[in-house]
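Structural description and commentary
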Amino acid sequence: MSSLSRELVFLILQFLDEEKFKETVHKLEQESGFYFNMKYFEDEVHNGNWDEVERYLSGFTKVDDNRYSMKIFFEIRKQKYLEALDKHDRSKAVDILVKDLKVFATFNEELFKEITQLLTLENFRENEQLSKYGDTKSARAIMLVELKKLIEANPLFRDKLQFPTLKNSRLRTLINQSLNWQHQLCKNPRPNPDIKTLFVDHTCAQPNGARAPSPANNPLLGSLPKAGGFPPLGAHGPFQPTPAPVPTPLAGWMSNPSVTHPAVSGGPIGLGGPSIPAALKHPRTPPANISVDYPPGDSDHVAKRTRPMGITDEVNLPVNVLPVTFPGHGHSQAFNAPDDLPKTVTRTLNQGSSPMSMDFHPQQHTLLLVGTNVGDIGLWEVGSRERLVLRNFKVWDVGVCSMPLQAALVKDPGVSVNRIIWSPDGTLFGVAYSRHIVQIYSYHGGDDVRQHLEIDAHVGGVNDLAFSNPNKQLCVITCGDDKTIKVWDAGTGAKQYTFEGHEAPVYSVCPHYKENIQFIFSTALDGKIKAWLYDNMGSRVDYDAPGRWCTTMAYSADGTRLFSCGTSKDGESYIVEWNESEGAVKRTYQGFRKRSSGVGVVQFDTTKNRFLAAGDDFSIKFWDMDNVQLLTSIDADGGLPASPRIRFNKDGTLLAVSGNENVIKILANSEGVRLLRTFENLSYDVSRASETVSKPTISSITAAATSGVTDRGPSVVSIAGMNGDTRNLGDVKPRLTEETNDKSKIWKLTEINEPSQCRALRLPENLRTTKISRLIYTNSGNAILALAANAIHLLWKWQRSDRNSSGKATASVSPQLWQPPSGILMTNDITDINPEESVPCFALSKNDSYVMSASGGKISLFNMMTFKTMTTFMPLPPAATFLAFHPQDNNIIAIGMDDSTIHIYNVRVDEVKSKLKGHSKRITGLAFSHELNVLVSSGADAQLCVWNSDGWEKQKSKFLQVPPGRTLSAQSDTRVQFHQDQVHFLVVHETQLAIYETTKLECVKQWVATAPISHATFSCDSQLVYASFLDATVSVFTAANLRLRCRINPSSYLPASLSSSSVHPLVIAAHPQEPNQFALGLSDGGVHVFEPLESEGKWGVPPPVENGSASTVPALSSVGASGSDQPQR
């Protein structure tokens, strides 16, 4: 190929890239072999698209070309093999071994044998060379570094890793220059030529009116860049704008040939007239280009493809030559988000399991329903952050269930919520589950939720649920894996209609009405959209949705505009508006990023008859309904999944967004922020009113517990500033009338004295165990790991069962004290050490695969599946006293030492990267904030230090505030733990609990104890603080203000034969998903799990704010007031 031909390929590559022909770009790169796109290669490796990785490489090299190429293909296939083993997919691993890896046996037979032997291991990490293999993501990243080095060193890739430097739209410019030249050669040049084709040379029309061939505007053509060296032809440039042609509709509604129905009068609605409009009855095949009626005339490919980052965006304007970059449009210069979009994160709620579906109440705009991936449903008052209701999935009446359902639940009790939704008046809500069942609850205000109907609705999953009012009778509409849509009476549960006609599982339903005609749209997993009337006449329309896979449909709030959102199997996503009168796509919205298949299905919502929103690319994207260009995109302060679930409230002031780690973020616009503040202030005033009424009989404990509470104003310890708990407001508000009329109903501390007052479970004993020194739940929430003082680790695992369908840790079911088949124990190195006198420490990796632990000797790295010691490191002295994994990199560990230093250690390279000095005594606490990029440390010197985690410089340090009349003992521990907001952190010392703000290192709240505190921790949602004491009591505090709300006395969990002076809790751990569950590790070696009674659902009620007790400065709030009739610590 000549050099000019080669350069033409690069121009075509640039053009394809600008026009978003993404697959074609990479196909041409691979087939030509001229340019190796390293960014594309990296993305495919990160996503694990191994077939595409090898196909792309094949355009540049083959396995046996040279040693570099051989190494490249070997590393890729080895990684694919290890991932199959890690997923315990042995058949796939064998297939990879035989088809992909055997080719290397001729070059290194011993290596191939060693790879084959990995099949015999329960976990390939038992192989010493693979012992440091982390999770899939980190392993791919490490491999990619090696691959890039090999590619850069491979001579076959020389001169193929850099794309030539070209001006934007170089091919367009050349074509435009050619058109200018052709125009100059015209025999009858016209001042305003109308160029409409590139297929033949341009000639202007004859003066007598004859015209040269002029096809319609080509999407390629737009406004004109300056053609270098060619003078303009006319007063205003070479080519003047011409009106854009009126585009033809692109998709038609198709009648169902298998169904006959009477002729009806047509109307401008989707299903108008007595039965259906004529426009829906005429099939039309969708043409290739998208029609758009907004000034930026969008070509088909611009509409369907997202521009890569870093490439200048271009909008095709309705003029007749070539487009130029148009500032003010495109993703890189998105419009500023209007103030009426909810984009400020105001609440972060922890549901305890991953949210799958959410819905705000139609009248009470701060009331949010949530359904999760383990079948839980929650009802939140987001104004007060109070979870009013939490219900786990259970079948209400197994006896009336179908045999297929009973068999399915026995085989696998795991159930997910597919949809949760309120009825139009908010008196009912429905839950569609992934197994056969629909449950309808009635709602009576507050936390009063009652069982109403249970329907065994479909064979397989129930994929969607909606309410409708045909014939003024409330109905429930469901669809499922059995390819049917069914309509049920919402009062009795009687089945009214079954609609059959889909050939694939039905994914969603969208009921609506126009001009008194009630109808239902449905979408299936084969991409078909159908429409039904409430009769037995079959589907009225049949057409294909963009993406042809998972599609949902929704109307604007006023019911006048219809939209659909879909994701294809290969990761393309679409939002379109439909022209109902013609059954055609009216506009296709731009801004989605194509992702790998399996990442998730995009969900969307509409609000205010003006905006569309979708969860995509770890963010929320917004569009104005009248503009196909992306309006703005926000990441909600980070922490979102690839395809977050989203839901607006009915007035569009709040937006609920699902986040990672089971959280729900509530975003608000300015009106929404005012709504939430009004709610808080109203609740605050209500609590003050009730306090004022009952003040003549208020007890000293009430006064003590409320001292130091801050005002609603902008103080450093305001509740809003702490993102803290205001759940007491929700508790007080519904009972205003009752409380103000009955002076005897005063808040009282919840005391738990009897075993019957809570759920407490002592885990199965191990006689070799001495006192429990460290305790933690696994990140999955289904196990508890303890480190005993004799250096032995104990692991309790909960299994799925009829009594525990989720398999999560619970006080209701006893777990198994687990050991691998080998019977070995995880035991720390204690050579020449008395472990009873040492300071034990451990840390668990994020994927629960490894635990790093020490009991005064070397640090050991254990495999949690096999209990085998993978390595030991950091020989004495000094000894490790605290361990913390870096939040972004499991290979980086902060190690606190007994010589007061902190070592930043890289496990992979076995090297101390930094040594931090600032404390004077041993390190007793370490905590990372991934939000602020800092490490906070604490020591036995009662000092707090803040370190920058980029360069490891010390930013600030401060000593604990010592309560008056108290002295700090020489060896007392100080622990630190970050709040969920990653800005505030909890400090735990034997004398006090305190909340600090990190950037200023200021104490914003302090609670002083009279009995020594042994340990304390935040609940998983940071709304509570659990604290254990040496007198064997446990206290539960509201985290926002450190006010005591519940006390668990030793008589509720220790036998009468044991004295609390001899047995007491040493450590406390909070469940990672259940905010009201915690565990204690005791001095006698016992471990107890605690949960409130199911009837209570939470630990006590926080005290109301007393009138006049507010302060605008951080107060030292000692709750041990003298004369209290209920003595406080």
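Description of the structure in this document. These numbers come from a predicted model, not from an experiment.

Definitions and cut-offs
Residues numbered from 1 in each chain as written. Predicted model: local features only at pLDDT ≥ 70, side-chain atom pairs only at ≥ 80, totals over all residues. Heavy atoms only, no water. Helix = DSSP H or I, 4+ residues; strand = E, 2+ residues; numbered from the N terminus. Buried < 20%, exposed > 50% of the residue type's maximum accessible area, 1.4 Å probe, protein only. Contact = heavy atoms within 4.5 Å. Areas by Shrake-Rupley, 256 points an atom, 1.4 Å probe, with all protein chains shown as cover. Pairing = 2+ DSSP bridges. Axes fitted to C-alpha atoms, helices over the stretch in contact; angles between N-to-C directions. Parallel < 35°, antiparallel > 145°, perpendicular 65-115°, else oblique. Phe/Tyr/Trp six-rings, centres within 6.5 Å; stacked < 30°, edge-to-face > 60°. Core = buried A, V, L, I, M, F, W, Y, C linked by side-chain atoms within 4.5 Å. Patch = residues over 30% accessible without salt bridge, like charges linked within 9 Å, V, L, I, M, F, W, Y side chains within 5 Å. Salt bridge = Lys/Arg side-chain N within 4 Å of Asp/Glu carboxyl O. Disulfide = S-S within 2.5 Å. Arc of directions from axis to C-beta. Left-handed = near helix turned anticlockwise from the far one by under 90°. Nonpolar A, V, L, I, M, F, W, Y, C, P; charged D, E, K, R; others polar. Polar contact = N/O pair within 3.5 Å; in protein donor to acceptor, adjacent residues only side chain to side chain.

Counting its secondary structure elements, the chain contains 16 helices and 58 strands. A total of 1129 residues make up the chain; the buried ones form 56% of that total. In the chain, the share of contacts with a sequence separation of at least 24, taken over all contacts with a separation of at least 6, comes to 57%. As displayed, the chain has an accessible area near 46100 Å², and 52% of this comes from carbon and sulfur atoms.

All right, on to the pairing of strand 12 (residues 484–489) then. The side chains of a regular strand alternate between the sheet's two faces. Summarising burial for strand 12: six of the six residues are buried, a large majority. Neither face of strand 12 is open: one carries Thr484, Lys486 and Trp488, the other Ile485, Val487 and Asp489, and all of them are buried. In this sheet, strand 12 lies alongside strand 11 (residues 475–480) in antiparallel orientation, the contact comprising five bridges. What sits directly across from Ile477, in strand 12, is Val487. Here strand 11 folds back onto strand 12, and the loop between the two strands holds three residues, one of which, Lys483, carries a positive phi near 70°. Between strand 12 and strand 13 (residues 495–500), which pair antiparallel in sequence order, lie five residues; one of them, Gly493, sits at a positive phi of approximately 85°.

Angle between the axes and distance between the axes are the two parameters that describe a pair of packed helices. Two elements in contact, helix 4 (residues 50–57) and helix 5 (residues 67–86), have axes separated by 11 Å at closest approach and are oriented at 170°. Taken together, helix 4 and helix 5 sit at an angle that is classed as roughly antiparallel. When helix 4 is examined against helix 5, the residues Trp50, Asp51, Val53, Glu54 and Leu57 are found in contact with a partner set consisting of Ile72, Phe73, Ile76, Arg77, Gln79, Lys80 and Glu83.

Scanning the model with the defined rule gives 35 aromatic pairs in all. With 5.4 Å between their ring centres and 85° between their planes, Phe10 and Phe163 make a pair best called edge-to-face. Of the two residues, Phe10 is situated in helix 1 (residues 3–18) and Phe163 in the loop between helix 8 (136–153) and helix 9 (170–184); the sequence distance between them amounts to 153 residues. Their ring planes at 15° and their centres at 5.1 Å tell us that Phe429 and Tyr441 sit as a pair that is stacked. Remark: Tyr441 occurs in strand 8 (residues 437–443) and Phe429 occurs in strand 7 (residues 428–433); sequence separation between them is 12 residues.

What follows concerns helix 4. In terms of residue burial, helix 4 counts as a mostly covered element, since six of its eight residues are buried. Taken as a whole, helix 4 has its buried residues at Trp50, Glu52, Val53, Glu54, Tyr56 and Leu57. Here the buried face of helix 4 lies against helix 2 (22–32), helix 3 (38–46), helix 5 and helix 8.

To continue, consider the nonpolar core. Core analysis: the biggest nonpolar cluster contains 40 residues, and Phe36, Phe41, Leu57, Tyr81 and Leu101 have the highest contact counts within it. Core analysis: the second largest hydrophobic core is formed by 21 residues, Ile377, Leu379, Phe393 and Val449 among them.

What follows deals with the sheet that holds strand 26 (residues 646–648). In a beta sheet, neighbouring strands pair by backbone hydrogen bonds and run either parallel or antiparallel. Read from one edge to the other, the open sheet built from four strands follows the order 1-28-27-26, with strand pairing classed as antiparallel. Single-partner strands in this sheet number two, and they are strand 1 (344–350) and strand 26. For this sheet the average axis-to-axis angle between neighbouring strands, irrespective of direction, equals 20°. Two strands pair when backbone bridges link them, and strand 26 and strand 27 (residues 654–658) are joined in this way by three bridges, in the antiparallel orientation. Each residue of the ladder has a partner; that of Arg647, found in strand 27, is Ala656.

Nonpolar side chains collect at one region of the surface, where Leu198, Phe199 and Val200 lie side by side and expose about 340 Å² of accessible area between them. Relative to the assigned elements, Phe199 resides in the loop between helix 9 and helix 10 (300–304).

Quick look at the pattern of salt bridges now. Counted according to the given criterion, the structure contains 32 salt bridges. For the salt bridge of Lys71 with Glu75, the shortest nitrogen-to-oxygen distance reads 2.8 Å. Of this pair, Lys71 and Glu75 both sit in helix 5, four residues apart, which is roughly one turn of that helix. What makes Lys71 partly exposed here is its relative accessible area of 33%. For the salt bridge of Glu1094 with Arg759, the shortest nitrogen-to-oxygen distance reads 3.7 Å. Here Glu1094, found in the loop between strand 57 (1087–1091) and strand 58 (1116–1118), pairs with Arg759, found in strand 30 (residues 759–762); they are 335 residues apart in sequence, far enough to count as distant. Taking relative accessible area as the criterion, Glu1094 reaches 66% and is therefore assigned exposed. Among the ionic contacts, a cluster of salt bridges with common partners joins Asp359, Asp605, Arg647 and Lys650.

So, about the environment of Leu631. If you trace the backbone, Leu631 turns up in the loop between strand 24 (619–624) and strand 25 (632–634). Exposure remark for Leu631: the relative accessible area of 8% places this residue in the buried category.

The next point concerns the state of the cysteines. Under the counting rule described, the total for this entry stands at zero disulfides. Not engaged in a disulfide, the cysteine Cys758 finds its nearest cysteine sulfur in Cys1046; these two sulfurs lie 8.3 Å apart.

Cis geometry is adopted by the peptide bond preceding Pro877, which originates at Leu876 and carries an omega value of -25°. A cis geometry characterises the amide bond from Pro877 onward to Pro878, with omega recorded as -5°. Inspection of the secondary structure puts Pro878 in the loop between strand 38 (869–873) and strand 39 (880–885). Phi angles above zero are rare outside glycine, and Glu661 is one such case at about 55°. Of note, Glu661 is situated in the loop between strand 27 and strand 28 (663–668). With phi around 65°, Trp952 is a residue other than glycine that occupies positive phi space.

On to the sheet that holds strand 33 (residues 793–797), then. Reading across the sheet, the four strands line up as 31-32-33-34 and stay open at both edges, with antiparallel pairing between neighbours. The two strands at the open ends of the sheet, each matched to only one other strand, are strand 31 (772–777) and strand 34 (816–817). Bridge count between strand 33 and strand 34: two bridges; the pairing is antiparallel. Following the sheet pairing, Lys797 is matched in strand 34 by Gln816.

Looking only at helix 2, the buried set comprises Val25, His26, Glu29 and Gln30. Seen end-on, helix 2 carries its buried residues on one side only, within an arc spanning 125°. Turned more than 90 degrees from where helix 2 packs its buried face, Glu23 and Glu31 sit exposed. Directly beyond the C-terminal end of helix 2, a positive phi value near 70° is found at Gly33.

It is worth spelling out the packing of helix 3 against helix 8 at this point. As a packed pair, helix 3 and helix 8 sit with axes 10 Å apart at the nearest point and diverge in direction by 150°. One way to sum up the angle between helix 3 and helix 8 is to call them roughly antiparallel. The two elements helix 3 and helix 8 cross, and the hand of that crossing is right-handed. For the pair helix 3 and helix 8, the contacting residues are Met38, Phe41, Glu42, Val45 and His46 in the first and Arg140, Ala141, Met143, Leu144, Leu147, Lys148 and Ile151 in the second. When grouped by side-chain class, the residues that make up the contact of helix 3 with helix 8 number eight nonpolar, one polar and three charged.

With respect to the helices, strands and loops of the structure, Asn906 is situated in strand 41 (residues 901–906). Assessed through its relative accessible area of 10%, Asn906 is described here as buried. Side-chain polar atoms of Asn906 contact the backbone nitrogen of Arg908, separated by 3.0 Å. Apart from the residues within four sequence positions on either side, Asn906 is in contact with Asn891, Ile892, Glu911 and Lys913.

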